[in-house]
Amino acid sequence: MLRIPEWTPALKPQPQDLVDAILKRRGGTMINLDKALLWSEPLARAWNIYLGAVRSGLPTSWKLRELGICTVALLTGAVYEYKHHAPDFLKAGGVQAELDALNAVMHNARVSAAHPALGEIEALVIQYAAQMTLDVKVSDAVFDGLRRHFDNTEIVELTSAIATYNMVARFLVALGVTPEA
């Protein structure tokens, strides 16, 4: 599972309020990511609050945020992230044909994500996420496209979700966090 030992309370005791907060956010079950984060109390505490806000506290389209996150996961090889977020994309109103299209456009997503199964906005979000992930700098053309479809708050929230999950992907891949059985 991990390149480090799986956290357990016996290996590194953590305050019960922290463990309880993570369990509450996760619906009662800890996932492998949590078992890596819990080696550091300050990190686990801050991560739980921040990622909770990004995942469920932003009013900007859940579907589009999850599409951006799935793009990051595929581009960075974060299998764990994709396994957790592709189902959320579908729950948020996405369809399997869109996920299939996302996989099909990955080879050229920073230049174009056009695909018959994707709408203009979905293709734009994929391209934006690809440029943020692979180039860091986003082209003016892509950013201008965002401005045509989103207000400033939506752009900030979409950007934060993509940027945050770039951080998550790098954490997961570097530590070798694998999907739960």
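Use the structure listed above.
So, how was this worked out
Residues numbered from 1 in each chain as written. Predicted model: local features only at pLDDT ≥ 70, side-chain atom pairs only at ≥ 80, totals over all residues. Heavy atoms only, no water. Helix = DSSP H or I, 4+ residues; strand = E, 2+ residues; numbered from the N terminus. Phe/Tyr/Trp six-rings, centres within 6.5 Å; stacked < 30°, edge-to-face > 60°. Buried < 20%, exposed > 50% of the residue type's maximum accessible area, 1.4 Å probe, protein only. Salt bridge = Lys/Arg side-chain N within 4 Å of Asp/Glu carboxyl O. Contact = heavy atoms within 4.5 Å.

With respect to the environment of T29
Then, number 1: Its place among the elements puts T29 in the loop between helix 1 (16-25) and helix 2 (32-37).
Then, number 2: Counting along the chain gives 142 residues from T29 to F171, while the straight-line C-alpha distance between them is 20 Å.

Topic: the packing of aromatic side chains
Then, number 1: Enumeration over the complete set of coordinates arrives at two aromatic pairs.
Then, number 2: Judged by centre distance (5.2 Å) and plane angle (50°), the ring pair of W47 and F171 falls under tilted. Linking W47 in helix 3 (residues 41-56) with F171 in helix 9 (residues 152-175), this pair joins segments that are 124 residues apart in sequence.
Then, number 3: With a centroid separation of 6.4 Å and 55° between ring planes, the pair formed by Y128 and F143 is classed as tilted. Pair noted here: Y128 is in helix 7 (residues 120-134) and F143 is in helix 8 (residues 140-149), with a separation of 15 residues, a long-range link.
Then, number 4: With a relative accessible area of 4%, Y128 lands in the buried category.
Then, number 5: With relative accessibility at 25%, the residue F143 sits in the partly exposed group.

Here we look at the pattern of salt bridges
Then, number 1: Under the definition given, this model contains 10 salt bridges.
Then, number 2: Among the salt bridges present, the one from E66 reaches R55, with a minimum N-O distance of 3.5 Å. Taken together, the positions of E66 in helix 4 (residues 62-76) and R55 in helix 3 put the pair 11 residues apart, joining distant regions of the chain.
Then, number 3: Here R55 makes a salt bridge to D88, at a shortest N to O gap of 2.1 Å. Of this pair, R55 sits in helix 3 while D88 is found in helix 5 (residues 79-91), placing the two residues 33 residues apart along the sequence.
Then, number 4: Salt bridges here are not isolated pairs; linked through shared partners, they connect R55, E66, D88 and K91.

A look at the side chain of N48
Then, number 1: Here N48 is to be found in helix 3.
Then, number 2: You can call N48 buried: its relative accessible area is 10%.
Then, number 3: Here N48 is in contact with A21, I22 and R25, once residues within four sequence places are set aside.

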